[in-house]
Amino acid sequence: MSSISAPRGVRDILPDESWKWEHVLDVTARTAKDFGYREIHLPVFEHTELFSRGVGETTDVVEKEMYTFEDRAGRSLTLRPELSASMVRSYLENRMDKLHQPVKLWSAGPMFRYERPQKGRYRQFWQIDFEAMGSQDPYVDVETIALSLEIFKRLGLSRLEVVVNSVGCPVCRPVHREALQDFLRPRLNDLCETCQTRFDRNPLRILDCKNPACREITDGAPDTISCLCDECSSHFSEVRKGLDTIGAAVSIDKRLVRGLDYYTKTAYEVLSGDLGAQNAVCGGGRYDNLAESIGGPHTPGVGFAAGVERIVLTMEQQGCSFGRQPLLDAFVVCSEEGIRDEAFKLLYELRSAGIAADIDYSGRSFKAQFKFAGGSGASFACVVGPEEVSSGSVTVKDLQSGEQRQVARGDVASAIMTSGHKNG
Ligand SMILES: [Zn+2]
Ligand SMILES: [Zn+2]
C-alpha cells in the first residue's frame, strides 16, 4: 500500500518557506493598522448561493471553479473562492451599517478554486483581502489603492504601477453593452468559442480575452469609459485626481474589466517589476451592487485582494528581503549524560528569557552535538560539562567566530541578549 499524498493542486507550505509568509503577513497587518483597517476572521465555507448570486452566475469562478458539496443535512455549501462576498455578507448579518461608515476590514486566509494546476497556481491558495464598505466616496477607492501600494512598497517590490479603468454602473453599463454588441455582431463568427458564448451573456468579458484574434477584433471596440454616465464619469475623474495626489504611477487600461460580475465603477490592478517581467500583484475595485445581489440593502463598497503565493514569488524574483529567518539563538550542548538535568535547567532559563534555544534529544556524542549546533543555524553553543557545573559557569562559544569564553551561570542569558547576534 502506498502512503497517502496531498490531493492534486494543493501543497504544503514548509518551514523553509513559511517564515517568508510570516513576514508578508506581518507587514500586511502593520500596514492595515496604519490605514485604520481592522482584522476579521471569516468562515472558510458559505452557502453556495452567496457566491452564485454575489460573484455572478456567468463568471468562470462560479461556472467552473467552485468546490461545492452537500453537507450531511443536504445543504449546498461552497469553499470560498474569494472574500468580498463573505465580507459583505458579514457586514449585513452583523448590522455593521449601524457603525461609523465606512467599515474598513481586512482578512487573510486560504481560498479554493478548482483550476487546472500550473506553476504558481494552486487549488488552495492564500489571499490578503481589504474591504471598505458603506461609502461612495471616490477617495475611499483611492485609499484602498494607496494601501496596497504601501504594503508592496514596504515589502520592497520594485516599480509599482496602478492600472485603472471604470466599468460603469447599472445605468451606463447597458448603454455600453449595446454599443459593444452592435460593434461585434458583424464579426461574431471570428471570435473565439468562449467569446461567442459571452456575446449574449457577458459581452464585457470579451474585452479582456487573451486570444489574439479576439484582441484584434476588439481593438477598436467601444470601451466602458466612453459610455459612462455623469455620475460614473465624475467618480472616475475624482479617483484619478486622488491618485495624482498620492503620487501614484497610473495608467488607464480600457480592457481591464476583471473577471467578476460585481464590479461597478472603479476596477484596478497593481503591477510590479520591469516591463516584460511585470506581475499583477493585486486586483480590486468597487462593487456597489454586491450587497443587493445577495439580498441586502444598497451598500457601496470597494476593496482588493492579493495572492500571498504570488507576492512571495515576485519578491523572490526581485531579490527582496524577507527579514531575518527565525533560527535558534543558542544550542545547549551537554557533555555527560549524568548532568543532563543541569543542561535542561539552563535550556529552560534561556527560553524563559526569550532566547530561542534547543537541545539534543537523540543521544548524539559531544562532538556530534557541536556539529548539529553549527548546522542548526544557532549563533551560540552553550556547553554544560562537569567542570562548568562545579565552577558555576557555562562555556559560551560563538559559532560564527569560533571564539569561546566562560560566562557565570547567571549571566548566560544577558550575555547572549547583548551579543548582537540574537535572531529575530
Ligand atoms: Zn454609470
Ligand atoms: Zn475570445
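A quick note: this is a predicted structure, and the numbers were derived from the prediction, not measured. (Residues numbered from 1 in each chain as written. Chains lettered and ligands numbered in written order. Predicted model: local features only at pLDDT ≥ 70, side-chain atom pairs only at ≥ 80, totals over all residues. Heavy atoms only, no water.)

**Student:** For this particular structure, what's the right way to read the coordination of the zinc ion (ligand 1)?
**Tutor:** Six octahedrally arranged donors around a metal ideally form angles of 90 or 180 degrees; four tetrahedrally arranged donors ideally form angles of 109.5 degrees. Taken together, the protein donors to the zinc ion (ligand 1) comprise Cys 169 (SG), Cys 172 (SG), Cys 229 (SG) and Cys 232 (SG), at separations of 2.2 to 2.3 Å. Coordination at the zinc ion (ligand 1) is tetrahedral: its four donor atoms span angles of 100 to 116 degrees at the metal. Taken in sequence order, the residues that donate to the zinc ion (ligand 1) follow the motif C-x2-C-x56-C-x2-C. Owing to a relative accessible area of 3%, Cys 172 belongs among the buried residues under this scheme. (Donors = N, O, S within 2.8 Å, 3.2 Å for Na, K, Ca; no water. Tetrahedral: all angles 85-135°; square planar, octahedral: opposite > 155°, others 65-115°. Buried < 20%, exposed > 50% of the residue type's maximum accessible area, 1.4 Å probe, protein only.)

**Student:** Is there a simple way to explain the coordination of the zinc ion (ligand 2) in this structure?
**Tutor:** The protein atoms that coordinate the zinc ion (ligand 2) are Cys 192 (SG), Cys 195 (SG), Cys 209 (SG) and Cys 214 (SG), at distances of 2.2 to 2.3 Å. Because the angles between the four donor atoms bound to the zinc ion (ligand 2) fall within 102 to 116 degrees, the donor set is best described as tetrahedral. Each donor residue of the zinc ion (ligand 2) belongs to the same chain, with the gaps between them written as C-x2-C-x13-C-x4-C. Of this pair, Cys 195 sits in helix H7 (residues 193-201) while Cys 209 sits in the loop between H7 and helix H8 (212-218), and the two are 14 residues apart along the sequence. (Helix = DSSP H or I, 4+ residues; strand = E, 2+ residues; numbered from the N terminus.)

**Student:** Can you walk me through the pairing of strand E4 (residues 76-79) in this structure?
**Tutor:** In regular strands, side chains alternate between the two faces of the sheet. Examined bridge by bridge, strand E2 (residues 45-47) and E4 share three bridges and lie antiparallel to one another. Each bridged residue has a counterpart across the sheet, and for Glu 46 the counterpart in E4 is Thr 78. Here strand E3 (residues 67-70) pairs with E4 via four bridges, running antiparallel. Residue Tyr 67 lies in a different strand from E4, and its bridge partner there is Leu 79. Turn length for the E3-E4 hairpin, with the two strands adjacent in sequence and antiparallel, is five residues, and the turn residue Gly 74 shows positive phi of about 80 degrees. (Pairing = 2+ DSSP bridges.)

**Student:** Whenever I open this one, the nonpolar core confuses me. Can you help?
**Tutor:** A general tendency of soluble globular proteins is for nonpolar side chains to be buried together. Residues Phe 130, Ile 151, Phe 152, Ile 311 and Met 315 are the most contacted members of the largest nonpolar core, which totals 44 residues. Look past the residues within four positions of Phe 130 in its chain and what remains in contact with it is Thr 28, Ala 32, Tyr 37, Leu 105, Trp 106, Leu 147, Ile 151, Val 302, Gly 303 and Phe 304. Residues Leu 42, Val 61, Val 167 and Ala 267 belong to the second largest nonpolar core, which totals 43 residues. (Core = buried A, V, L, I, M, F, W, Y, C linked by side-chain atoms within 4.5 Å. Contact = heavy atoms within 4.5 Å.)

**Student:** How should I be thinking about the side chain of Asp 288 in this particular structure?
**Tutor:** By the element assignment, Asp 288 lies in the loop between strand E10 (279-286) and helix H10 (290-293). Here Arg 286 takes part through its side chain, which lies 2.8 Å from a polar atom of the side chain of Asp 288. Within the local environment of Asp 288, its side chain forms a polar contact with the backbone nitrogen of Gly 301, the two atoms lying 3.3 Å apart. If we ignore the near neighbours within four places in the chain, the residues touching Asp 288 are Gln 136, Thr 264, Lys 265, His 298, Thr 299, Pro 300 and Gly 301. (Polar contact = N/O pair within 3.5 Å; in protein donor to acceptor, adjacent residues only side chain to side chain.)

**Student:** I tried to follow the packing of aromatic side chains on my own but got confused; where do I start?
**Tutor:** The geometry of an aromatic ring pair comes down to the distance between the two centres and the angle between the two planes. For the structure on display, the rule yields eleven aromatic pairs. Between Phe 45 and Phe 69 the ring centres are 6.4 Å apart and the planes differ by 70 degrees, which places this aromatic pair in the edge-to-face class. Residue Phe 45 is found in strand E2, and its partner Phe 69 is found in strand E3; the two are separated by 24 residues along the sequence. Centre to centre, the rings of Phe 130 and Phe 304 are 5.0 Å apart; their planes meet at 15 degrees, and the pair counts as stacked. (Phe/Tyr/Trp six-rings, centres within 6.5 Å; stacked < 30°, edge-to-face > 60°.)

**Student:** When you look at the sheet that holds strand E16 (residues 404-408) in this model, what are you seeing that I'm missing?
**Tutor:** Across a sheet, strands are paired by hydrogen bonds formed along the backbone, either parallel or antiparallel in direction. The strand order across the open sheet formed by five strands is E13-E12-E14-E15-E16, and the pairing between neighbours is mixed. Looking at which strands have only one partner, the edges of the open sheet turn out to be strand E13 (357-359) and E16. Going across the sheet, the axis of each strand differs from the next one's by a mean of 30 degrees, ignoring polarity. In this sheet, strand E15 (residues 393-398) lies alongside strand E14 (residues 380-384) in antiparallel orientation, the contact comprising four bridges. (Axes fitted to C-alpha atoms, helices over the stretch in contact; angles between N-to-C directions.)

**Student:** Sorry, what's going on with the packing of helix H6 (residues 173-184) against H7 here?
**Tutor:** Helix-helix packing is characterised by the crossing angle of the two axes and by the distance between the axes. Axis separation between H6 and H7 bottoms out at 10 Å; the angle between their running directions is 140 degrees. It follows that H6 is oblique to H7 by the angle criterion. Handedness of the H6/H7 crossing: left-handed. Contacts between H6 and H7 pair Arg 177, Gln 181 and Leu 184 from the former with Phe 199, Asp 200 and Arg 201 from the latter. (Parallel < 35°, antiparallel > 145°, perpendicular 65-115°, else oblique. Left-handed = near helix turned anticlockwise from the far one by under 90°.)

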